[in-house]
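Structural characterization, general
So you can see what is in the structure, the chains are spelled out below.
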Amino acid sequence: MRSRFCRGSRSSLTRFQGGSSALMRAGMLFVSLGVGAGSVHAGPMNFTSEGIARGVPFRLGFNYHQVGAGNMLVDLDNDKDLDIVIAGGLGGSWGIYENDGTGHFTDVTAMTGITPMINASGLSAADYDNDGDLDIHVPGWFEPSKLYRNNGDWTFTDVAAEAGVDLSAPSMAAAWGDYDQDGWLDLYAAVRTFTDNVEIENHFYKNNGDGTFTDVAVELGVEAMGDPSCIPAFFDFDRDGDDDIYIGTDKGSDDPDGRLLHNKLYRNNGDGTFYNATYDAGVEAYIFCMGIAVGDLNFDGLFDLYLTNIMQGNILYMHNGDGTYSDQTIPSGMASHRVGWGTVFADFDNDTHLDNYVCNIQEPNRLYRGKAVADWPLVDEAPEAGVDVFWDTYCVSVGDVDNDGDLDMLVGNTNRRVNLFINNSSDAKSNNWVRLDVEGATLNRYGIGTCVEVDAGGKTQTREVRSGTNYKSQDEFTLHYGLGAHEKISEVRVYVPGGGMRVLTNMPANHRWTIYTPERMGDVNNDGMISVDEIRQAMNARTGPGGVLTPGNEIFDMDGDFDIDTADIQLMGIGVLEPTPR
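This part is about the pattern of salt bridges. Taken as a whole and judged by the stated rule, the model has 22 salt bridges. The salt bridge involving Glu50 is made with Arg54; its shortest N-O contact spans 2.7 Å. According to the relative accessible area criterion, Arg54 is buried, its value standing at 11%. For Arg493, the salt bridge identified is with Glu491, shortest N-O distance 2.7 Å. Since its relative accessible area comes to 25%, Glu491 is described here as partly exposed. Residues joined by salt bridges that share partners form a network here, namely Arg239, Glu453, Asp455, Glu491 and Arg493.

In structure tokens:
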């Protein structure tokens, strides 16, 4: 059995090893995991559409050919606020906007060097070249895909051809993950195979670490042969410390007289190979799968899946704790029965429970407000919240646009202006929260694939840093946790791909903290060792007896107890005596 470092020694590990799996699958799921039952919402969620007022008047064009064009909320200039990228404007135009730190934007499209793309499809961001800033990947619908390298000055250079990722096919979405844990992010590109008789299949590009990629999909057996794939998702489904791949397949069917088309789950074996675990896990989902939302709904530290579909109904798969999933759509009340596309889990009211937003075409979007499993079914509150967009919407991305501690949304449209929904929910303002940025060293600096568990109020909330999310979109990389009325975070556990782990205690709520990976601690200038000058900086940042560190000094907190004292200085001194250059 492979080591499951991401679960530590916690009791839920036994469920993977067979302990109580039979009970879990026999209906005990909602009793044993109904944490937080009886929670009360003080008021309705409330959003206002403020795109024009905040400098984002972008109008999308006719994007039916590629069934939606993506959008992103990401920090392109490393100034700790979210910038906006929107594809699919009139004539293939782009909307690229710089955030001033308050959630107001300046159109910088003209200076970026990103050229019009008539059939731009998905969007994702990743630091593929490990130079410390986010690059942009754009699948093309029957036109070459683009890989825009960030030059660090708000200009971008298309390097797709020289990198070997200029795939020209009916390309849909793409996602990034470090499958072989070499520190270089790899790219999975979904292709809607057999569209217009095109037989090109999904590509899985291994990052060679020199600016080029090699397609290893067939070699690894993860090409989903013959499937009209819509969307890939990297996430650690078995919490063993490496990312697995889940593929959403269009035109799903279990017709025995036809082609058996369904979603695919490829489990990472941890040695650079994959195993098709679809049937073992029970996640075939014979549906027209468009969007995939990933989140832990019941606080068990395992990721559940919500899949959008045509009007036959969406699917909610809940993790049973033993490597399998159960269809809990009916108890959850989330079938929707509308033609759904993008979907995302996020705690919009900061009450600890994940809410779910669903983009639809021909009917209004939905917003299912989360609550304890014991209190299901969930209710669609999109009309009350002001986010029931009635048009053909495909894509949504989520992040804290105005840095006020709650989550906002960027929702696309067709032949309409984009919706920048600012969160004004009373519960979000009154509840507590914490926001965490994972930062690595020279490789995988954005911490893609890192799982972070936050314990507060008797609940464990689990998030993962992911690249390429929802449907053709990119959420912020910052991990957001609503804490409800709880002001104390008892423990935070950070599980880094490849085996690194940190445990943090005494973390204050209502702040945005940077969580450094173990090899980065104390190394301010990121040169691979701790210097005497860096120890001096730590001494100047000491908090004193009973003090708590402030954001900006996290790198000196060597023992993770949220103060800077003699113990931290001593640990930094060991780094000086025994430097380990990377």
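Still more to cover.
Another point: empty space enclosed by the protein. The final tally for this structure, using the stated rule, is five cavities of 30 Å³ or more. The calculated volume of the largest cavity comes to roughly 420 Å³. Looking at the largest cavity, it is lined by 27 residues, and the ones nearest its centre are Val294, Phe345, Arg463, Glu464 and Asp475. Considered class by class, the residues forming the lining of the largest cavity number 13 nonpolar, seven polar and seven charged. Roughly 60 Å³ of internal volume is contained in the second largest cavity. Of the residues contributing to the lining of the second largest cavity, the split by class is six nonpolar, three polar and two charged.

Here the focus is the sheet that holds strand S6 (residues 124-126). Taken in spatial order, the four strands make up an open sheet running S6-S7-S8-S9, and their pairing is antiparallel. Of all strands in the sheet, those with a lone pairing partner are S6 and strand S9 (156-158), marking the two edges. Across the sheet, the mean angle separating the axes of adjacent strands is 25 degrees when strand polarity is ignored. Pairing of strand S8 (residues 146-150) with S9 involves three bridges; the strand directions are antiparallel. Within the sheet, the bridge partner assigned to Tyr148 lies in S9 and is Asp158.

What follows is about the domain arrangement of the chain. Domain boundaries assigned for the chain yield domain 1 (66-168) and domain 2 (169-337). Domain 1 and domain 2 are separated by 24 Å when their C-alpha centres are compared. A combined buried area of about 1800 Å² lies between domain 1 and domain 2, and 66% of that area is made up of carbon and sulfur atoms. Put simply, the parts of the chain that give the side of domain 1 that touches domain 2 at least two residues each are S6 and helix H4 (160-163). Looking at the side of domain 1 that touches domain 2 element by element, the count peaks at three residues for S6. The residue inventory of the side of domain 1 that touches domain 2, partitioned by class, reads 11 nonpolar, nine polar and four charged.

Here the focus is the pairing of strand S14 (residues 229-235). Here S14 lies mainly inside the structure; seven of its seven residues are buried. Strand direction decides the pairing type here: S14 and strand S15 (residues 244-249), joined by six bridges, are antiparallel. From the neighbouring strand, Pro232 faces S15, where its bridge partner is Ile247.

Here His353 lies in the loop between strand S22 (339-346) and strand S23 (355-361). Residues His353 and Ala161, spaced 192 residues apart in sequence, show a C-alpha to C-alpha distance of 43 Å.

Cut-off values and rules
Residues numbered from 1 in each chain as written. Predicted model: local features only at pLDDT ≥ 70, side-chain atom pairs only at ≥ 80, totals over all residues. Heavy atoms only, no water. Salt bridge = Lys/Arg side-chain N within 4 Å of Asp/Glu carboxyl O. Buried < 20%, exposed > 50% of the residue type's maximum accessible area, 1.4 Å probe, protein only. 1 Å grid on protein atoms, 1.4 Å probe; cavity = no way out; pocket = protein on both sides within 12 Å on 5 of 7 lines; lining within 4 Å. Points joined across faces, edges and corners; volume = space filled by probe spheres on them. Nonpolar A, V, L, I, M, F, W, Y, C, P; charged D, E, K, R; others polar. Pairing = 2+ DSSP bridges. Helix = DSSP H or I, 4+ residues; strand = E, 2+ residues; numbered from the N terminus. Axes fitted to C-alpha atoms, helices over the stretch in contact; angles between N-to-C directions. Domains from an automatic or database assignment. Buried area = accessible area lost by both parts, 1.4 Å probe.

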